[in-house]
Amino acid sequence: MRKQIIAGNWKMNGTIASGSILIEAFNSFLSDKELNVDVVVCPPFTALERAVCLTRDKHIEVGAQNMDYHDAGAYTGEVSPLMLNEVGVTYVILGHSERREYYGEMDSMVNEKIKSAFHHNIQPIVCVGESLAQWEANETISFIHSQLDGALKDIPAEQASELIIAYEPIWAIGTGRTATADQAEEVCKSIRQYINELYNGNVADKVRIQYGGSVKADNALKILSEPNIDGALVGGASLLVDDFTSIIMAAQELSVTES
Ligand code: 13P
């Protein structure tokens, strides 16, 4: 059985101080819980070091929201995997639709970043997802397959099986408009089937697929209950203690009922 993974993408929000308060609140909520769910928080770069300190020996891992794929050099404004290693970051979100849209990130760059993340032992969370126009034109599946072709080029099966893929329809991000559980499941299932085609059944079985896009406390259980959805990548609600902890507990409830 695949372990659920709930990750909070804080995007460009908060300060070191406010992020610390948030993490302390998560720590205190989770301190007496026996969890069978992976929990990750992804603060802005400036708050990563403090986040790693605050989560040491706790049930929370820390991820970055992006990284460069080079180890070092003349890449003004970028942060390298070695720098993330130094801080103690263990996850990285790659290819988020906001990076693709506002910073011109392409599948080929996402591909380089995945290779670099694995090389440096950082767990990549790779985002895919279609625009509203593509969704309405029924192009979702073919578009996501093309994103996967680009992102996974020359990634060997052993690494592919460790991947976390986040399906985030762009029209559902920050809009309050969620894909229904059925719609999200249909796309996540097709992602798994495509991984089966690209690799094999074993890899497809192991790869974890998250849904992201307006996941909240009140819709999490229904979405996470779907057989091909193994977690959530949460934006806005990951900045709210009650909401994020409720989403974690929804995943935990499922891990108990399924085991
Ligand atoms: P929201 O949960 O705010 O819709 O954001 C989703 C997202 O982009 C997570 O990466």
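Refer to the structure printed above.
Residues numbered from 1 in each chain as written. Predicted model: local features only at pLDDT ≥ 70, side-chain atom pairs only at ≥ 80, totals over all residues. Heavy atoms only, no water.

Details of the site of the ligand
Part 1 of the argument: Contacts to the ligand come from N9, K11, H96, E168, A172, I173, G174, G213, S214, L233, G235 and G236.
Part 2 of the argument: Measuring from an oxygen atom of the ligand, one finds a side-chain N or O atom of K11 at 2.8 Å.
Part 3 of the argument: Relative to its unbound accessible surface of 310 Å², the ligand loses 97% to contact with the protein.
Part 4 of the argument: Among the cavities detected, the one that contains the ligand is the second largest pocket.
Part 5 of the argument: Considered class by class, the residues forming the shell around the ligand number three nonpolar, seven polar and two charged. (Near = heavy atom within 4 Å. Polar contact = N/O pair within 3.5 Å; in protein donor to acceptor, adjacent residues only side chain to side chain. Areas by Shrake-Rupley, 256 points an atom, 1.4 Å probe, with all protein chains shown as cover. 1 Å grid on protein atoms, 1.4 Å probe; cavity = no way out; pocket = protein on both sides within 12 Å on 5 of 7 lines; lining within 4 Å. Sits in = over half its atoms within 2 Å of the grid points. Nonpolar A, V, L, I, M, F, W, Y, C, P; charged D, E, K, R; others polar.)

Some words on the sheet that holds strand β7 (residues 208-212)
Part 1 of the argument: Reading around the barrel, the eight strands line up as β1-β2-β3-β4-β5-β6-β7-β8 and close back on themselves, with parallel pairing between neighbours. Within the sheet, the average angular offset between the axes of one strand and its neighbour, ignoring direction, is 25°.
Part 2 of the argument: Both strand β5 (residues 123-128) and strand β6 (residues 164-167) contribute to a ladder of four bridges, which runs parallel. Across the sheet, residue I125 finds its bridge partner in β6, namely I164.
Part 3 of the argument: Packed on one face of the sheet, helix α9 (residues 181-198) meets β5, β6 and β7 and runs near 145° to β6. (Pairing = 2+ DSSP bridges. Helix = DSSP H or I, 4+ residues; strand = E, 2+ residues; numbered from the N terminus. Axes fitted to C-alpha atoms, helices over the stretch in contact; angles between N-to-C directions. Contact = heavy atoms within 4.5 Å.)

Digging into unusual backbone geometry
Part 1 of the argument: One non-glycine residue, K11, lies in the positive phi region at around 55°.
Part 2 of the argument: According to the relative accessible area criterion, K11 is partly exposed, its value standing at 21%.
Part 3 of the argument: Unusually for a residue other than glycine, D57 sits at a positive phi of about 60°.
Part 4 of the argument: Considering the arrangement of structural elements, one finds D57 in the loop between α2 (48-55) and β3 (61-64). (Buried < 20%, exposed > 50% of the residue type's maximum accessible area, 1.4 Å probe, protein only.)

With respect to the nonpolar core
Part 1 of the argument: Among the nonpolar cores identified, the biggest contains 69 residues, and I6, L84, I114, I191, I195, Y211 and L224 are the most heavily contacted of them.
Part 2 of the argument: When residues of this core are assigned to their parent elements, the largest contribution, seven residues, is made by α9.
Part 3 of the argument: Excluding residues within four positions of it along the chain, Y211 makes contact with Y167, P169, A172, T178, A179, A184, I223, I229, G231, A232 and L233. (Core = buried A, V, L, I, M, F, W, Y, C linked by side-chain atoms within 4.5 Å.)

Some points on the pairing of strand β4 (residues 91-94)
Part 1 of the argument: The alternating pattern of β4 places Y91 and I93 and V92 and L94 on opposite faces, both of which are buried.
Part 2 of the argument: Pairing analysis gives two bridges linking β3 to β4, with the strands arranged parallel. In the strand pairing of β4, G63 is matched with Y91.
Part 3 of the argument: Between the parallel pair β3 and β4, the chain is carried across by helix α3 (residues 81-87), and the sense of this crossover is right-handed.
Part 4 of the argument: Where β4 lies against β5, four bridges are found, and the strand directions are parallel. From the neighbouring strand, I93 faces β5, where its bridge partner is I125. (Right-handed = clockwise from strand over helix to strand, strands pointing away.)

Looking at the layout of surface pockets
Part 1 of the argument: Of the pockets and cavities examined, the largest pocket occupies roughly 490 Å³.
Part 2 of the argument: As for the largest pocket, its lining consists of 20 residues, and the residues nearest its centre are K11, M12, Q65, R99 and Y103.
Part 3 of the argument: A per-element tally of the lining of the largest pocket places helix α4 (residues 97-103) first, with four residues.
Part 4 of the argument: Of the residues contributing to the lining of the largest pocket, the split by class is nine nonpolar, six polar and five charged.
Part 5 of the argument: Considering only enclosed or pocket space, the second largest pocket measures out at about 200 Å³ in volume.
Part 6 of the argument: Forming the boundary of the second largest pocket are 19 residues, of which K11, G174, S214, G235 and G236 lie nearest the centre. (Points joined across faces, edges and corners; volume = space filled by probe spheres on them.)

Focus: the packing of helix α1 (residues 16-30) against α2
The geometry of a pair of packed helices is captured by two quantities: the angle between their axes and the separation between those axes.
Part 1 of the argument: At a minimum axis separation of 10 Å, α1 and α2 run at an interaxial angle of 20°. It follows that α1 is roughly parallel to α2 by the angle criterion. α1 and α2 meet at a crossing whose hand is right-handed. On the side of α1, the interface is formed by I16, S20, I23, E24 and N27, while α2 contributes R50, A51, L54 and T55. (Parallel < 35°, antiparallel > 145°, perpendicular 65-115°, else oblique. Left-handed = near helix turned anticlockwise from the far one by under 90°.)

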